[in-house]
Amino acid sequence: MHELGVVFHIMDSVEKIARENQADGINKVVLELGEVSAVIESYLQNCWSWASKKRELFDGTELVVDILPAVTYCEGCRQTYSTVDYGKICPFCNSTDTWLLQGNEFNIKEIEVY
């Protein structure tokens, strides 16, 4: 389960930003998680619940995850389509000359401090 390592990385980054801004605590962290990012949201939430109790700055901090849909672009017909529904093969022209436009992101979108 790599989600625990991901949570530690997020907390380290957020903690640094909070210290730089002299925050006393963190109310909420909002993440953008791509639909095909290889991070499982439920595992991430479980790891967050456990890890947030281990660090005073994060005790009671809410983790909100915004899922970004995976979208693929086809070079053949210049259409976009749902990656999860159709994979690498374009449903419009059957081309395999495609690439992932969005959906593998993992970003800290927002930090709410007090």
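Notes on the structure follow. From a predicted model like this one, the values you see are computed outputs, not experimental measurements.

1. Details of the side chain of Thr72
Item 1. In this fold, Thr72 is placed in strand S3 (residues 71–74).
Item 2. At 2.4 Å, the side chain of Thr72 forms a polar contact with the side chain of Thr83.
Item 3. Sequence-distant contacts of Thr72, defined by excluding residues within four places in its chain, comprise Gln79, Thr80, Tyr81, Thr83, Gly87, Thr98, Trp99, Leu100 and Leu101.

2. Re the environment of Glu105
Item 1. Locating Glu105 in the fold gives a position in the loop between strand S5 (98–102) and strand S6 (106–113).
Item 2. When the C-alpha atoms of Glu105 and Ala70 are compared, they prove to be 9.3 Å apart, with 35 residues separating the residues in sequence.
Item 3. Discounting residues that sit within four places of it in the chain, Glu105 has contacts with Glu32, Leu33, Gly34, Ser37 and Leu68.
Item 4. Within the structure, Glu105 has its side chain in polar contact with the backbone nitrogen of Gly103 (distance 2.8 Å).

3. Observations concerning the pattern of salt bridges
Item 1. By the definition in use, this model includes 7 salt bridges.
Item 2. Linking Glu20 and Lys16 is a salt bridge whose minimum nitrogen-to-oxygen distance equals 4.0 Å. Separated by 4 residues within a single helix, Glu20 and Lys16 lie in helix H1 (residues 3–20), roughly one turn from each other.
Item 3. Of the charged contacts, one joins Lys28 and Glu112 as a salt bridge, the two residues approaching to 3.9 Å between their closest N and O atoms. Of the two residues, Lys28 sits in strand S1 (residues 26–34) while Glu112 sits in strand S6, which places them 84 residues apart along the sequence.
Item 4. Look at Glu112 and you get partly exposed, because its relative accessible area is 32%.
Item 5. When salt bridges that share partners are traced, they join Asp12, Glu15, Arg19 and Arg55 into one network.

4. Here we look at the environment of Phe106
Item 1. In this structure, Phe106 sits in strand S6.
Item 2. Each C-alpha atom, one on Phe106 and one on Leu31, is 7.1 Å from the other, the two residues being 75 residues apart in sequence.

5. Section: helix H2 (residues 41–52)
Item 1. With 12 residues, H2 should reach 16 Å at 1.5 Å per residue; the first-to-last C-alpha distance of 16 Å fits that figure.
Item 2. Taken together, the buried positions of H2 are occupied by Leu44, Cys47, Trp48, Ala51 and Ser52. End-on view of H2: buried residues confined to an arc of 120 degrees, all on one side of the axis.
Item 3. Next to the buried residues of H2 lie H1, S1, strand S2 (62–68) and S6.

Definitions and cut-offs
- Numbering of residues begins from 1 in every chain and follows the order in which that chain's sequence is written.
- With pLDDT at 70 or above as the cut-off, local features in this predicted model cover only qualifying residues; side-chain atom pairs require 80 or more to be listed or tallied, and sums for whole chains, interfaces and linings still use all residues.
- To obtain the side-chain values, all non-hydrogen atoms of the structure were included, while hydrogens and water were left out.
- To qualify as a helix, a DSSP run of H or I must reach at least 4 residues; to qualify as a strand, a run of E must reach at least 2; elements of each kind are numbered from the N terminus.
- Definition of a polar contact: a pair of N or O atoms within 3.5 Å, with one able to donate and the other able to accept a hydrogen when the atoms are protein atoms, and with sequence-neighbouring residues admitted only if both atoms are side-chain atoms.
- For this analysis, residues touch if any pair of their heavy atoms sits within 4.5 Å.
- In what follows, salt bridge is the name for a side-chain nitrogen of Lys or Arg lying within 4 Å of a carboxyl oxygen of Asp or Glu.
- For the exposure calls, accessible area comes from a 1.4 Å probe over protein chains only, and a residue counts as buried if that area is under 20% of its type's maximum, exposed if over 50%, partly exposed in between.
- One less than the number of residues in a helix, times 1.5 Å, gives the span that helix is expected to have.
- Note that the arc is computed from the directions linking the helix axis to the C-beta atoms.

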